[in-house]
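Structural overview
In case you want the letters, here they are:
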Amino acid sequence: MSVYKSHELYFIIIIMASLTVFINVQSHPVYYEPNLNEYSDFYEQLQDLLAIHKNRIANRKTDVNDYPVEVIGWPKNQTIPKGQTAGVDVDSAGRVHVFHRGDVVWDAKSFDWNNVYQHQDQPPISENSVLIFDSKTGDIQSSWGKNRFYMPHGLTIDKNNNTWLTDVALHQVFKFKLGASEPDLVLGQRFVPGNDESHFCKPTDVAVASSGEFYVSDGYCNSRILMFSPSGRLLKEFGKEDEMLVPHSLTLLESLDILCVADRENERILCYSAGLKGSSPGLLIKNFHKNLGRVFAVAARDDHLYMVQGPGIIGKHRVRGLTLSLSTKKILNSWSPVEGFLNPHDLALSPDGTALYVVEIGENAAKKVYKFSLQKPN
């Protein structure tokens with residue numbers, strides 16, 4: 001057979017294979033995996049759960065408080081924290097935990113081209129990096145974390161009131177038990193970025209299941225999600241195939257077995273199977289990708305996803321919060337404080353679903369911590 005004929009045959013085979021893949025993709029618009037049938041039971045269960053949530057929300061629309069309205073005068077001392085404020089979450093008692101950088105600023109000189117922190121010769125942040133606010137009065141009840149962190153980022157409180165923190169300069173993830181001054185678990189190598197099983201590169205956030213399994217968004221360099229056992233053993237890595245660009249925030253919907261990711265620079269939210277109820281973790285379930293702007297953070301309750309946009313291309317998107325429907329993928333409402341956001345970086349819902357908190361990383365923001373009460377939309 002001539003070279004021309006062999007190439008022609010090869011070309012025909014490629015075209016036929018491509019058509020087969022295209023047909024499969026068209027017939028499975030939710031997730032494009034060749035082994036999708038293996039998870040058909042899971043998808044049927046998922047659609048049933050989403051339908052139940054959708055109907056339940058529809059049947060009690062008049063009772064749903066889903067519109068965030070700023071609580072004026074909270075916190076009492078609105079000049080604290082004073083610097084870049086990166087993380088926020090709420091414990092089971094309703095106390096608001098905030099992770100801030102003190103006098104340290106992340107700028108163009110903070111890291112080299114290999115993502116190595118350039119100020120390792122300087123001491124860690126000397127003031128307490130974690131502040132705990134009373135949810136009602138806005139008073140600071142306690143604080144901790146001085147002389148430990150270099151560039152605070154994500155903060156998560158799990159259902160056992162453990163505190164999980166990420167530091168992008170250290171490239172590490174920390175777990176602190178309630179009231180402990182030393183971490184119970186540390187993942188990653190101090191100041192050493194990497195992309196293998198024992199290294200992170202600027203990890204951004206943590207989501208924790210009630211069973212103890214947890215997920216890390218990693219992060220500014222690696223664009224992947226890692227799932228770990230309660231002891232810190234790596235169980236699964238996923239998300240790379242979806243070409244995420246800075247997975248910046250995580251929220252876990254355990255009742256639906258879904259993990260949603262704020263894919264910041266792609267201006268979208270990706271929702272994956274969490275792998276907690278028999279499904280395989282990391283299967284792409286939903287992709288919110290229209291008119292979202294740069295999604296800095298996302299939090300979930302029932303059928304609702306709450307997110308905050310950060311500044312992007314001038315004039316393209318307002319800096320604001322949005323409320324989305326998980327089942328319909330529609331934007332339900334938009335919201336912001338009276339004086340407007342500058343650069344909101346993280347948000348968290350109270351366990352009782354009555355309040356939402358947002359922290360600002362913008363140094364000149366009117367406030368660094370906002371409280372919103374969830375009210376019925378007008």
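Below or above, wherever it landed, is the structure these notes cover. Given the structure is predicted, the values throughout are model-derived calculations rather than measurements.

Next up on the list: the environment of Cys 260. Tracing the chain through its elements places Cys 260 in strand 15 (residues 258-263). Along the primary structure Cys 260 and Ile 285 are separated by 25 residues, whereas in three dimensions their C-alpha atoms are 9.3 Å apart. When neighbours within four sequence positions are excluded, Cys 260 is seen to be in contact with Ser 249, Leu 250, Thr 251, Leu 253, Ile 269, Leu 270, Cys 271, Val 298 and Leu 305.

Backbone hydrogen bonds are what pair the strands of a sheet, in a parallel or an antiparallel way. Taken together, the 4 strands give an open sheet; going across it, the order is 1-24-23-22, and neighbouring strands pair in antiparallel fashion. Single-partner strands in this sheet number two, and they are strand 1 (67-70) and strand 22 (344-349). Each neighbouring strand pair of the sheet contributes to a mean axis angle of 30°, computed without reference to strand direction. Across 5 bridges, strand 23 (residues 355-360) lies against strand 24 (residues 369-375) in antiparallel orientation. Bridging across to strand 24, Val 358 finds its partner in Tyr 370.

On to the side chain of Asp 158. Structurally, Asp 158 is set in the loop between strand 6 (152-157) and strand 7 (163-167). With no salt bridge to any partner, buried Asp 158 finds its closest opposite charge in Lys 175, at an N-O distance of 5.5 Å. Side-chain polar atoms of Asp 158 contact the backbone nitrogen of Asn 162, separated by 2.8 Å. Side-chain polar atoms of Asp 158 contact the side chain of Trp 164, separated by 3.0 Å.

Another point: the sheet that holds strand 2 (residues 85-90). The antiparallel open sheet is built from 4 strands, whose spatial order is 2-3-4-5. Edge positions in the sheet fall to strand 2 and strand 5 (140-144), since each of these pairs with one other strand and no more. Taking the axes of each pair of neighbouring strands and ignoring which way they run, one obtains an average angle of 20° across the sheet.

Our focus in this paragraph is the pairing of strand 12 (residues 224-228). The element strand 12 is extensively covered by neighbouring structure, given that 5 of its 5 residues are classed as buried. With burial as the criterion, each face of strand 12 is covered, one bearing Arg 224, Leu 226 and Phe 228 and the other bearing Ile 225 and Met 227. With 5 bridges connecting them, strand 11 (residues 214-218) and strand 12 associate as antiparallel partners. Counted as the bridge partner of Ser 217 is Ile 225 from strand 12. A loop of 5 residues connects strand 11 with strand 12, the two strands running antiparallel in sequence, and Ser 223 in this loop sits at a positive phi of about 50°. Taken together, the 4 bridges between strand 12 and strand 13 (residues 234-238) define a ladder with antiparallel strand orientation. Bridging from a neighbouring strand, Phe 228 pairs with Leu 234 of strand 13.

What counts as what
Residues numbered from 1 in each chain as written. Predicted model: local features only at pLDDT ≥ 70, side-chain atom pairs only at ≥ 80, totals over all residues. Heavy atoms only, no water. Helix = DSSP H or I, 4+ residues; strand = E, 2+ residues; numbered from the N terminus. Contact = heavy atoms within 4.5 Å. Pairing = 2+ DSSP bridges. Axes fitted to C-alpha atoms, helices over the stretch in contact; angles between N-to-C directions. Buried < 20%, exposed > 50% of the residue type's maximum accessible area, 1.4 Å probe, protein only. Lys, Arg positive; Asp, Glu negative; His and termini not counted. Salt bridge = Lys/Arg side-chain N within 4 Å of Asp/Glu carboxyl O. Polar contact = N/O pair within 3.5 Å; in protein donor to acceptor, adjacent residues only side chain to side chain.

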